[in-house]
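# Structure at a glance
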Amino acid sequence: MFLVGLTGGIASGKSTVSKILSDLGCQIIDADKLARQVVSPGAPAWKKIRQHFGDKVLLENGELNREKLGEIIFADPEKRRLLNSLTHPEIHKAMLWKVFSLFTTGHPFVVLDIPLLFETGKVLPYMTYTVVVNCSEDQQLERLMSRNKLTEEEARGRMEAQMPLAQKVKAATFVIDNSGSLISTEKQVRDLHKKLQSSKAHWRLRLIVTSVFALTAGFIFYLLY
Ligand code: ADP
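Just so we're clear, the structure is a prediction, and the values are computed from it rather than from any experiment.

### Observations regarding the pattern of salt bridges
Side chains carrying opposite charge are able to pair once their charged atoms draw close together. For the structure shown, the criterion picks out 10 salt bridges. One salt bridge in this structure joins E78 and R81, with 3.1 Å as the shortest N-O distance. Linking E78 with R81, this pair stays in helix α5 (residues 77–104), spanning 3 residues, or about one helical turn. For R81, a relative accessible area of 52% translates into the label exposed. Linking R156 and E152 is a salt bridge whose minimum nitrogen-to-oxygen distance equals 3.0 Å. You can see R156 and its partner E152 sitting in helix α8 (residues 152–160), 4 residues apart, about one turn around the helix.

Set out below in structure tokens:
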């Protein structure tokens, strides 16, 4: 099995591309979804956040008070780093577990939808291919403002908090140009899907796993007999 990292800029069209890939039968791991799961009441990162930040960052129903937590980490970079150090390892663990369970079911590849794939860089070395969803800065701004009901200033602030999209495009294996119609995007995603399906990259991991298995079995055999 090999891993495909899907990323882009905020509102450049990652979810749109991810949905098309899913409709084509691809297995998708959504990092945002996992990030929400690990901070749900009682989950590992939720416990750690409660321990370090106290009950003041919880709502009455036990859910995280995102607004309150946001205020704290926005004002204090040290606290932001602390929060990341509590949540990121749990997200990575959940991701690894998902990858492993898909590996055992024999899928040739899995797509990991990770908005900050290039910014955090942690899981980037494990991606065989990267796919960046691109569109113009004006389109990104317009789509972000309309989707999230933001002012131009708020939307620009969110865009500037990320690595410039052009830089991600340069680093990508594949680029989906989402500046045209949805039909054009769908066509490009279908072509990408064909390329991924015909890739032989999954044999590399199979070969490694089979070799490790054969060597271990050989070693055990040698010790026993
Ligand atoms: P991301 O997941 O990267 O944040 P989305 O896929 O949610 O971005 O797309 C952002 C917004 O732009 C959504 O409201 C989506 O419906 C819209 N959108 C995406 N692609 C196109 C397109 N090719 N043409 C017009 N609108 C689009």
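### Remarks on the pairing of strand β3 (residues 109–113)
Look at any regular strand and the pattern is simple: side chains alternate between the two faces of the sheet. The buried count for β3 comes to 5 of 5 residues, which makes it a mostly enclosed element. Neither face of β3 is exposed, since F109, V111 and D113 on one face and V110 and L112 on the opposite face are all buried. In this sheet, β3 lies alongside strand β2 (residues 27–30) in parallel orientation, the contact comprising 4 bridges. In the strand pairing of β3, Q27 is matched with V110.

### Some thoughts on the nonpolar core
Counting 29 residues, the largest nonpolar core has I29, I49, F53, M95, L112 and I114 as the members making the most contacts within it. Those elements that provide at least two residues to this core are α2 (31–37), α3 (44–53), α4 (66–75), α5 and β3. Here this core gets 6 residues from one element, more than from any other, and that element is α5. If we skip the residues at most four places from it in the chain, M95 touches I29, A31, L34, L112, I114 and V123. Among the nonpolar cores identified, the runner-up in size contains 18 residues, and V17, I20, C26 and F174 belong to it.

### Comments concerning the side chain of S12
Turning to its location among the elements, S12 is positioned in the loop between β1 (2–8) and α1 (14–23). Using a relative accessible area of 0% as the deciding quantity, one classes S12 as buried. In contact with S12, other than residues within four places in its own chain, are V133, N134, C135, Q140, R143, L165 and N178.

### Points about the environment of I208
Tracing the sequence through the fold places I208 in helix α11 (residues 202–224). As a C-alpha pair, I208 and V17 span 191 residues in sequence and 31 Å in three-dimensional space.

### Quick word on the packing of aromatic side chains
One pass over the full model with this rule turns up 4 aromatic pairs. Geometrically, the ring pair formed by F2 and Y129 is edge-to-face, given 5.4 Å between the ring centres and 90 degrees between the ring planes. Of this pair, F2 sits in strand β1 while Y129 sits in strand β4 (residues 129–134), placing them 127 residues apart in sequence. F2 sits in the buried class, given a relative accessible area of 2%. Connected via pairs of aromatic rings, a cluster forms that spans F2, F109, Y129 and F174.

Calculation notes
- Residues numbered from 1 in each chain as written.
- Predicted model: local features only at pLDDT ≥ 70, side-chain atom pairs only at ≥ 80, totals over all residues.
- Heavy atoms only, no water.
- Salt bridge = Lys/Arg side-chain N within 4 Å of Asp/Glu carboxyl O.
- Helix = DSSP H or I, 4+ residues; strand = E, 2+ residues; numbered from the N terminus.
- Buried < 20%, exposed > 50% of the residue type's maximum accessible area, 1.4 Å probe, protein only.
- Pairing = 2+ DSSP bridges.
- Core = buried A, V, L, I, M, F, W, Y, C linked by side-chain atoms within 4.5 Å.
- Contact = heavy atoms within 4.5 Å.
- Phe/Tyr/Trp six-rings, centres within 6.5 Å; stacked < 30°, edge-to-face > 60°.

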